[in-house]
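Take a look at the letters that make up each chain.
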Amino acid sequence: MTAIAIIGAMDEEIANIASALNDVTVTEEVGIKVTRGTLETNKGTTLSVAATVGGMGTVNIAATTQHLIDVDHPEAVIFSGIAGNLNTNLHVNDVVLGGTLRYLDTDMRLVGQFNPGTADHPVEEYHSDDRLLALANEALDDMGIHHIVGIIATGNYFVDDPKTVERVIRETGADAVEMEGAAVAHVAARNDIPALVIRALSDTLRIRGYRGEADGEHRQAHVTAVCGAVDVPSFRGIGRWDVSYSDTTRPERVLKGELRGNFRWRKGIACAKAMRTR
């Protein structure tokens, strides 16, 4: 049975995918709660899914990613959550697929010397898997969801003032900023496992004070940042939902696209059921 690992940094980013699983077991391991179960794909095959909240920051998420790789031997690792916006052409709930992932606070001349880099050719940045990106991009296009394949910056501090925002844009050219994506891609690359990082934007640059004064209310997107289940090695059927954190009625409907209960069909983060094999 194909196995995948799905990781988020916060409870809200994993709750709905965990609730959609069948034959569920929940265990406490290395300081995290891992929900394991199965999910039927659109092709009728069955996936084995390990979903967990790894915590915020690069060290927490790297430890979680390596643990799931060691224990569950997934054929793909997917990280999904919200991120801060660094692109003036993007808006709340738009999606950035992490084509390139760059650390904010890491000297890659040293850190990048280790697999998949070498001392002579250190890695400067990390990347989501090309095939997963292509299929996710196509699925989002098919659903008319505004998104880009872009650059995501990862660091262990919150980028929340105009000077810091400007510096991060200047140094990385990033479209979004967060605290985990590059670390997930880093660990996956060391293990030669395909990874995909998906981020829904929680704000705009104006709200973050980068271009003019902030307009007051911070419109934090009520996004369940769950990633779509994968028919590894393919990836398809991504949709996205904006779901209030208080919306707990039948969360499995988010994955199945049954727009009932408290769920509202709106721009949110990529997620659905499985993807067809090409």
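Structure shown above.
In this text the structure is predicted, and so the values were computed from the model without any measurement.

Engineer: Which residues make up the overall build of the chain, and what values go with them?
Structural biologist: A count of helical and extended segments in the chain gives seven helices and eleven strands. Across the 278 residues of the chain, 56% fall into the buried class. Contacts spanning at least 24 positions in sequence make up 74% of the contacts within the chain whose residues lie at least 6 apart. For the chain, the exposed surface amounts to about 12000 Å²; the carbon and sulfur share of it is 48%.

Engineer: Talk me through helix α4 (residues 130–142); I want residue IDs and the actual numbers.
Structural biologist: Given a rise of 1.5 Å per residue, 13 residues ought to cover 18 Å, and the 18 Å separating the end C-alpha atoms of α4 matches this to within 8%. Those residues of α4 lying buried are Leu-132, Leu-133, Leu-135, Ala-136, Ala-139 and Leu-140. Among the residues of α4, the N-terminal cap falls to Asp-129, whose side-chain oxygen and the backbone nitrogen of Arg-131 are separated by 3.1 Å. Downstream of α4 by a residue or two, Gly-144 has a phi angle that is positive, lying close to 70°.

Engineer: An account of the layout of surface pockets is requested, with residue identities and associated values reported.
Structural biologist: Roughly 150 Å³ of internal volume is contained in the second largest pocket. Taken together, 14 residues form the lining of the second largest pocket, with His-127, Ser-128, Ala-185, Ala-189 and Ile-193 sitting closest to its centre. If you tally residues by element for the lining of the second largest pocket, the top one is helix α6 (residues 181–190), at three residues. Here the residues of the lining of the second largest pocket sort into nine nonpolar, two polar and three charged.

Engineer: With reference to specific residues and values, describe the environment of Leu-140.
Structural biologist: Locating Leu-140 in the fold gives a position in helix α4. Along the sequence, Leu-140 and Val-95 sit 45 residues apart, while their C-alpha atoms lie 9.2 Å from each other.

Engineer: Explain the pairing of strand β7 (residues 147–154) residue by residue, including any values.
Structural biologist: Counting buried positions over the eight residues of β7 gives six, a clear majority of the element. Relative to β7, strand β6 (residues 95–103) is paired through eight bridges, and the arrangement is parallel. Bridge assignment links Gly-98 to a residue of β7, and that residue is Gly-150. You can see the chain leave β7, run along helix α5 (residues 162–172) and come back into strand β8 (residues 176–178), and the turn it takes is right-handed.

Engineer: Which residues make up unusual backbone geometry, and what values do they have?
Structural biologist: Backbone phi values are negative for most residues with the exception of glycine, while trans is the configuration of most peptide bonds. Residues other than glycine seldom take positive phi values, yet Asn-93 does so here, at roughly 80°. Tracing the backbone through its elements, the reader meets Asn-93 in the loop between β5 (77–85) and β6. For Asn-93, a relative accessible area of 2% puts it in the buried group.

Engineer: Give a detailed account of the pattern of salt bridges, specifying residues and quantitative values.
Structural biologist: Applying the stated criterion to the full structure yields six salt bridges. A salt bridge links Arg-102 to Glu-125, with the shortest nitrogen-to-oxygen separation between them at 2.7 Å. Note that Arg-102 is positioned in strand β6 and Glu-125 in the loop between α3 (108–111) and α4, a separation of 23 residues in sequence. For Glu-125, a relative accessible area of 23% translates into the label partly exposed. The residue Glu-171 makes a salt bridge to Arg-167 at a minimum N-O spacing of 3.3 Å. With Glu-171 and Arg-167 both in helix α5, this residue pair falls four residues apart, about one helical turn. According to the relative accessible area criterion, Arg-167 is partly exposed, its value standing at 25%. It is possible to trace a salt-bridge network through shared partners that takes in Glu-29, Arg-36 and Asp-72.

Engineer: Can you tell me about the side chain of Glu-178, naming the residues and giving the values?
Structural biologist: Residue position: Glu-178 is located in strand β8. Take Glu-178: its relative accessible area is 5%, and that puts it in the buried class. Look past the residues within four positions of Glu-178 in its chain and what remains in contact with it is Ile-82, Ala-83, Ile-152, Ala-153, Thr-154, Gly-155, Val-197 and Arg-199.

Conventions used here
Residues numbered from 1 in each chain as written. Predicted model: local features only at pLDDT ≥ 70, side-chain atom pairs only at ≥ 80, totals over all residues. Heavy atoms only, no water. Helix = DSSP H or I, 4+ residues; strand = E, 2+ residues; numbered from the N terminus. Buried < 20%, exposed > 50% of the residue type's maximum accessible area, 1.4 Å probe, protein only. Contact = heavy atoms within 4.5 Å. Areas by Shrake-Rupley, 256 points an atom, 1.4 Å probe, with all protein chains shown as cover. Expected span 1.5 Å × (residues − 1). Polar contact = N/O pair within 3.5 Å; in protein donor to acceptor, adjacent residues only side chain to side chain. 1 Å grid on protein atoms, 1.4 Å probe; cavity = no way out; pocket = protein on both sides within 12 Å on 5 of 7 lines; lining within 4 Å. Points joined across faces, edges and corners; volume = space filled by probe spheres on them. Nonpolar A, V, L, I, M, F, W, Y, C, P; charged D, E, K, R; others polar. Pairing = 2+ DSSP bridges. Right-handed = clockwise from strand over helix to strand, strands pointing away. Salt bridge = Lys/Arg side-chain N within 4 Å of Asp/Glu carboxyl O.

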